[in-house]
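The lines below spell out each chain.
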Amino acid sequence: MEKLMEQFLEQSAQAEENFYRMEEQRLQAEDRRREAEHARELHMLQMLGQMFSGLSAAPPARAPGFRSGSPSAHSAAEPGLPVFERYYSLGSTSHRGMDGDFLSLIKTIIPPLTSKKHKGQDGRIGIIGGCQDYTGAPYFAAISALKAGADLSHVFCTKDAALVIKSYSPELIVHPVLDSPNAVEEIEKWLPRLHSLVVGPGLGRDDLLLKTAKEVIEKSKARDVPIVIDADGLWLVSQQPSVIQGYQKGILTPNFMEFTRLYESLHHEPMDSTDHHRNVMQLSVAMGNLTVVLKGEQDLITDGSKVISCSIAGSGRRCGGQGDLLSGSLGAFAHWAHAASVAGVFRSMNPSMVAAFGACSLTRQCNSQAFQRHGRSTTTSDMIQEIGSAFKKLFES
Ligand SMILES: NC(=O)C1=CN([C@@H]2O[C@H](COP(=O)(O)OP(=O)(O)OC[C@H]3O[C@@H](n4cnc5c(N)ncnc54)[C@H](OP(=O)(O)O)[C@@H]3O)[C@@H](O)[C@H]2O)[C@@H](O)CC1
Ligand SMILES: Nc1ncnc2c1ncn2[C@@H]1O[C@H](COP(=O)(O)OP(=O)(O)OP(=O)(O)O)[C@@H](O)[C@H]1O
């Protein structure tokens, strides 16, 4: 009897496993089909835009932000497609007026809200972070991805952080797995469903958690998803740069302190802080042309070939958590930018740079709007309340 029972349990476990495997395959196929449909829609919209601009008075009108393109840029793009010029090179300074041009480019990557899509298509974002000390940071990042327009946000945190994070918001899907013995396996199950990953907000520096984060990064690279690394994730990178070095869909978002740590770890010498443009370029190159966002009075964004700067007015208020808003929303922008790039919406800009500019602008605009309402008492939660209207003002007007 016992043997029969054992056999029965084994068979039902096997059947359950088969069911989940098939279900996962079905969902993946469905995702691929819908993503291809979405890409086709974007392409159609792009062609319609060109047809309309062709109908207007000569010289042919183009969307603001698109230039006819330098010869070198043309050679990289299909004839007739709009080309975004490369504005900056090593040592060049940025111009405030250019912000508008980049904002126009970002408008083209934002997925249209149509009734043809299903839940999940506009982004399923994973956040790796959240431990006993830090529950706010992963919440800020995850809710910011949602409020920017992603459909689902998953937080992978430690057991003792999970209940706390869940209690902040019913919108988040919270997995209390980060400190479990089979953490990597548990997270890996979800990776096929995620469009991008944000590693670091509130992760802490416990060796075991960092080891798990490292393995999850490795698995995600194999799946070719955009990976944003922030906060304690950057601590991990400064200890072991090879974890993300050379991965073209990797984006690092250091504050000045984190940047200095990374720079000195890669270059083995103290950083001379008189030329931020040069330093940020050098770090990107040393990391294998990863996109690096050095946050500060101006946000400097580079992939090692040019530096763009986001200087949209924020405010003087520097409450903690603003970087989490940035990295979480960047998770969503990175998915959209890479999808738009695959669909041929733009050619001559690195999608990660476009995404980074989007997230920096949004964060700074939220800061400005929240400060207008709350002044000195502005907190990151107040900024998050502004995401909807800031997004509309920047990208939908
Ligand atoms: N509510 C929450 O749960 C939040 C949790 N968070 C989480 O906390 C974790 C640790 O992150 P972290 O940024 O505090 O750590 P770390 O890099 O060691 O910096 C520590 C020291 O560096 C300095 N410093 C910082 N910026 C600088 C600058 N621009 N320029 C110059 N110096 C600068 C400054 O030093 P000080 O001025 O005190 O000398 C600062 O005290 C991480 O998981 C993160 O996600 C946050 O997201 C916030 C909201
Ligand atoms: N001096 C400044 N002036 C204007 N904006 C700034 C300034 N410093 C930072 N910011 C903006 O604040 C946002 C977050 O940068 P910050 O340096 O606070 O990140 P962080 O320290 O990583 O944040 P967190 O508290 O989430 O860890 C960025 O969008 C950046 O543009």
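Residues numbered from 1 in each chain as written. Chains lettered and ligands numbered in written order. Predicted model: local features only at pLDDT ≥ 70, side-chain atom pairs only at ≥ 80, totals over all residues. Heavy atoms only, no water.

## Here's the deal with the packing of helix 11 (residues 322-342) against helix 12 (residues 351-374)
At step 1: With their axes 7 Å apart at the nearest point, helix 11 and helix 12 run at an angle of 145 degrees to one another. Of the two elements, helix 11 crosses helix 12, and the hand of that crossing is right-handed. In this structure, helix 11 contributes Gln322, Leu325, Leu326, Ser329, Leu330, Phe333, Ala334, Ala337, His338 and Ser341 to the contact, and helix 12 contributes Pro351, Ser352, Ala355, Ala356, Gly358, Ala359, Cys360, Leu362, Thr363, Cys366 and Asn367.
At step 2: Its residues assigned to classes, the contact of helix 11 with helix 12 shows 13 nonpolar, eight polar and no charged. (Axes fitted to C-alpha atoms, helices over the stretch in contact; angles between N-to-C directions. Helix = DSSP H or I, 4+ residues; strand = E, 2+ residues; numbered from the N terminus. Left-handed = near helix turned anticlockwise from the far one by under 90°. Contact = heavy atoms within 4.5 Å. Nonpolar A, V, L, I, M, F, W, Y, C, P; charged D, E, K, R; others polar.)

## Things to note about the side chain of glutamine 365
At step 1: As for its placement among the helices and strands, glutamine 365 is situated in helix 12.
At step 2: Here glutamine 365 falls in the buried class, since its relative accessible area comes to 9%. (Buried < 20%, exposed > 50% of the residue type's maximum accessible area, 1.4 Å probe, protein only.)

## A few points about unusual backbone geometry
Peptide bonds are mostly trans, and most non-glycine residues show a negative phi.
At step 1: Of note in the backbone geometry, alanine 231 takes a positive phi value of approximately 45 degrees without being a glycine.
At step 2: Within the secondary structure, alanine 231 sits in helix 8 (residues 231-239).
At step 3: Taking the relative accessible area as the measure of exposure, alanine 231 reaches 16% and is therefore buried.
At step 4: The backbone of asparagine 289 sits at a positive phi, close to 65 degrees, despite the residue not being glycine.
At step 5: In this fold, asparagine 289 is placed in the loop between helix 10 (276-286) and strand 7 (291-294).
At step 6: Under the relative-accessibility criterion, asparagine 289 is labelled partly exposed at 30%.

## Focus: the site of ligand 1
At step 1: As a structural note, the neighbourhood of ligand 1 is formed by 19 residues, with Ala137, Gly202, Arg205, Asp232 and Asp324 the closest of them.
At step 2: At 3.2 Å from an oxygen atom of ligand 1 is found a main-chain nitrogen or oxygen belonging to glycine 136.
At step 3: In the environment of ligand 1, an oxygen atom lies 3.1 Å from a nitrogen or oxygen atom belonging to the backbone of alanine 137.
At step 4: The protein chains hide 52% of the 920 Å² of surface that ligand 1 would expose on its own.
At step 5: When residues in the shell around ligand 1 are grouped by element, the largest group, four residues, is from helix 9 (residues 256-267).
At step 6: Its residues placed into classes, the shell around ligand 1 shows eight nonpolar, six polar and five charged. (Near = heavy atom within 4 Å. Polar contact = N/O pair within 3.5 Å; in protein donor to acceptor, adjacent residues only side chain to side chain. Areas by Shrake-Rupley, 256 points an atom, 1.4 Å probe, with all protein chains shown as cover.)

## Overview of the site of ligand 2
At step 1: Around ligand 2, the structure places 14 residues, and the nearest of them are Asn255, Lys295, Asp299, Gly321 and Arg364.
At step 2: Between an oxygen atom of ligand 2 and a main-chain N or O atom of glycine 323, the distance comes to 3.0 Å.
At step 3: Arginine 364 places a polar side-chain atom, nitrogen or oxygen, 2.8 Å from an oxygen atom of ligand 2.
At step 4: Bound to the protein, ligand 2 loses 79% of the 630 Å² it would expose on its own.
At step 5: For the shell around ligand 2, the secondary structure elements donating two or more residues are helix 11 and helix 12.

## Quick look at the environment of aspartate 224
At step 1: Following the sequence through the fold, aspartate 224 ends up in the loop between helix 7 (207-222) and strand 5 (227-229).
At step 2: You can call aspartate 224 partly exposed: its relative accessible area is 43%.
At step 3: As for aspartate 224 and glutamine 248, which are separated by 24 residues in sequence, their C-alpha atoms are 9.1 Å apart.
At step 4: Here lysine 249 takes part through its side chain, which lies 3.0 Å from a polar atom of the side chain of aspartate 224.

## Some points on the nonpolar core
Nonpolar side chains in soluble globular proteins tend to end up buried together.
At step 1: Counting residues in hydrophobic clusters, the biggest one holds 62 residues, and the most contacted among them are Ile106, Ile109, Leu172, Phe333, Leu362 and Phe395.
At step 2: With ten residues, helix 12 is the largest single contributor of residues to this core.
At step 3: Among the nonpolar cores identified, the runner-up in size contains 40 residues, and Phe156, Leu178, Leu191 and Val307 belong to it. (Core = buried A, V, L, I, M, F, W, Y, C linked by side-chain atoms within 4.5 Å.)

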